[in-house]
Amino acid sequence: MAHLSVNLNKIALLRNSRHTGVPDLRRFAHLALEAGAHGLTVHPRPDERHIRGSDVPMLADLMRPLRPGIEFNIEGYPDARLMHIVRANRPEQVTLVPDAPGAFTSDEGWKLTPAQVQVTGPAIQAIKAQGGRAILFIDADPAVIDRVRTSGADGVEIYTGPYAEAFRAGTHQPVLERIAATAARAREAGLVVNAGHDLNLHNIPPLMAAVPFLAEASIGHELTADALENGFTATVAAYVKALQV
Ligand SMILES: CC(=O)[C@@H](O)[C@H](O)COP(=O)(O)O
Ligand SMILES: NCC(=O)COP(=O)(O)O
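The structure displayed is predicted, hence computed values, not measured ones.

K.L.:
I would appreciate a short explanation of the side chain of Glu-75 in the present structure.
P.N.:
The residue Glu-75 is located in strand E3 (residues 71-76) in this model. One buried charged side chain, Glu-75, makes no salt bridge at all; its nearest oppositely charged neighbour is Arg-45, positioned 6.6 Å away.

K.L.:
What exactly am I supposed to notice about the site of ligand 1 here?
P.N.:
Asn-7, Asn-9, Lys-10, His-43, Arg-45, His-50, Glu-75, Val-97, Thr-105, Ser-106, Phe-137 and His-197 make up every residue found near ligand 1. The contact in question runs from an oxygen atom of ligand 1 to an N or O atom on the side chain of His-50, over 2.7 Å. Contact between ligand 1 and Glu-75: an oxygen atom at 2.3 Å from a side-chain N or O atom of the residue. In the complex, 91% of the free accessible area of ligand 1, which totals 360 Å², lies under the protein chains. Residues of the shell around ligand 1, tallied by class, amount to two nonpolar, seven polar and three charged.

K.L.:
Please clarify how unusual backbone geometry should be interpreted in this entry.
P.N.:
With glycine set apart, most residues show a phi of negative sign, and most peptide bonds adopt trans. Cis peptide bonds are those with omega within 30 degrees of zero, and the linkage from Val-22 to Pro-23 qualifies with -5°. Position of Pro-23 among the secondary structure elements: in the loop between helix H1 (9-15) and helix H2 (25-34). A cis amide bond links Arg-67 with the next residue in sequence, Pro-68, at an omega value of 0°. Residue Arg-90 is not a glycine yet carries a positive backbone phi of 45°. As for its position among the elements, Arg-90 is in the loop between helix H4 (80-89) and strand E4 (93-96). Even without being glycine, His-197 reaches a positive phi, approximately 110°. Along the chain, His-197 falls in the loop between strand E7 (192-196) and helix H9 (204-210).

Parameters and conventions
- Here, residues in each chain are numbered from 1, in the same order as that chain's written sequence.
- Throughout, the order in which chains and ligands are written sets their labels, letters from A for the former and numbers from 1 for the latter.
- Residue-level local features of this predicted model are given only where pLDDT is at least 70; pairs of side-chain atoms are given and counted only at 80 or more, and the full residue set underlies all totals for whole chains, interfaces and linings.
- To get the side-chain values, take all heavy atoms of the structure and skip hydrogens and water.
- Helix numbering and strand numbering both begin at the N terminus, where a helix is a DSSP run of H or I of at least 4 residues and a strand a DSSP run of E of at least 2.
- Working definition: with a 1.4 Å probe on protein chains only, accessible area under 20% of the residue-type maximum means buried, over 50% means exposed, and in between means partly exposed.
- Note that His is not counted, nor are the chain ends; the positive residues are Lys and Arg, and the negative ones are Asp and Glu.
- Salt-bridge detection follows one rule: a side-chain nitrogen of Lys or Arg within 4 Å of a carboxyl oxygen of Asp or Glu.
- Here, proximity means that at least one heavy atom of the residue falls within 4 Å of the molecule or strand.
- In protein, a polar contact requires one atom able to donate a hydrogen and another able to accept it; more generally it is a pair of N or O atoms within 3.5 Å, and residues adjacent in sequence count only if both atoms are side-chain atoms.
- Only the protein chains shown count as cover for residues, and the accessible areas themselves come from Shrake-Rupley with a 1.4 Å probe.
- Each residue gets one label: Ala, Val, Leu, Ile, Met, Phe, Trp, Tyr, Cys and Pro are nonpolar, Asp, Glu, Lys and Arg are charged, and the others, such as Gly, are polar.

Given below as structure tokens:
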């Protein structure tokens, strides 16, 4: 069984297209948790296209009485801005991604080159120093796991965008095998194994069959699109169930 962390980015994206505060991010955070989500994820990008820095304290305050158990996961590139948000809000988990400031979306993982380690190392130390779990967003590549292990990170989030794309084409088996090999190597190294990006109710079952020990899936885009058709509460409950196999 994998935990569901609902990513609220796309609720915030819709909210930002008006100055009315509708849809209310606080309400959708409550709805997600009441529907059975094990946590919430936000990615406060530098351009604040969706999640704003000012959203994070509100969500941290909302979730604090529900801790432990319910987890707050903050994602982003470890620049001074993100690390200030992390220090101020002390989430249970921080997922570091190598995104450029204007990235269209997150579309690659850390390679942990010496230059990248110069960036991730201090951030990992700062996250762990305040009791947080430091997760590195990686591509499905077993070869990177040894570098993750020596980085001091607590775990990985395997980037599932290529898997989702291959799944749409019906050519996902080799990609899924690479994910499974990466996850197995990470587990052997004692790392937490998470996954995320473009996961949906169709591509989750094969992923869970291949990685039954997955700890958490953070899901936002496809879940929000499904919720437009089927309702947010019912959709979150369906994703919780899909991850329980
Ligand atoms: C890291 C990842 O794959 C997602 O969590 C990311 O937050 C997606 O960002 P957008 O919602 O801005 O596309
Ligand atoms: N880390 C992945 C995430 O939080 C949500 O990604 P997506 O489901 O919006 O693609």
